[in-house]
Amino acid sequence: MGRIVPLRAPPAGPSARSLQPTVLRLRSQVALIQGYAGLLDSLSPVMQARIFMAIMKTSEELVQLLEPYRTAAADAKPSLHDYRSTRMRTHQLLAEYRLLLTQLKREVAGQRSLGDALTGTGGPHPSAPR
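Residues numbered from 1 in each chain as written. Predicted model: local features only at pLDDT ≥ 70, side-chain atom pairs only at ≥ 80, totals over all residues. Heavy atoms only, no water.

### Things to note about the nonpolar core
Core analysis: the biggest nonpolar cluster contains five residues, these being Ile 33, Leu 40, Ile 51, Ile 55 and Leu 62. When residues of this core are assigned to their parent elements, the largest contribution, three residues, is made by helix H2 (residues 45–66). Those residues in contact with Ile 51 that lie beyond four places of it in its chain are Tyr 36, Leu 39, Leu 40 and Leu 43. (Core = buried A, V, L, I, M, F, W, Y, C linked by side-chain atoms within 4.5 Å. Buried < 20%, exposed > 50% of the residue type's maximum accessible area, 1.4 Å probe, protein only. Helix = DSSP H or I, 4+ residues; strand = E, 2+ residues; numbered from the N terminus. Contact = heavy atoms within 4.5 Å.)

Right, here's the structure in full:
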């Protein structure tokens, strides 16, 4: 998760056409970095250093290209209060689920035993699924 940069939605006005040059440039920059990375294994340490400098320059261009879409760090994280209230609500829902599941099991078992008493079979009810 540490390498993922949260992005906000593009401004309301731009259409897919207006974003096309940005998308193409982004793809080409990423492809360029991938190509540089593929070269690193077979090169000398001096050449590897030059390739790393080229990767750094391309990465800086990528950051500048994505800057308008980056969210501020404060906007990217929910508040502590939101986290705690969500966690508390999750615990409440799980407790309710367990209670309802227990009640459902009791009712199903009660209906089976009532059906057995009415039919006098003592075994599984004929319409009960197997």
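### Focus on the side chain of Gln 29
Tracing the chain through its elements places Gln 29 in helix H1 (residues 16–39). For Gln 29, the residues in contact, after removing those within four places along its chain, are Thr 58, Glu 61 and Leu 62.

### What about the side chain of Thr 58?
Within the secondary structure layout, Thr 58 lies in helix H2. Residue contacts for Thr 58: discarding those within four places in its chain leaves Gln 29, Leu 32, Ile 33 and Tyr 36.

### Digging into the confidence of the model for the chain
Per-chain confidence: the chain averages 78 in pLDDT, with 73% of residues scoring 70 or above. Model confidence for the chain, summarised as mean pLDDT per element, is weakest for helix H3 (residues 73–76) at 54 and strongest for H2 at 88. (pLDDT = per-residue confidence, 0-100.)

### Quick word on a nonpolar patch on the surface
On the surface, Tyr 97, Leu 101, Leu 104 and Val 108 cluster together into a nonpolar patch covering about 350 Å² of accessible area. Mapped onto the fold, Tyr 97 is located in helix H4 (residues 80–119). Given the relative accessible area of 51%, Tyr 97 is considered exposed. (Patch = residues over 30% accessible without salt bridge, like charges linked within 9 Å, V, L, I, M, F, W, Y side chains within 5 Å. Areas by Shrake-Rupley, 256 points an atom, 1.4 Å probe, with all protein chains shown as cover. Salt bridge = Lys/Arg side-chain N within 4 Å of Asp/Glu carboxyl O.)

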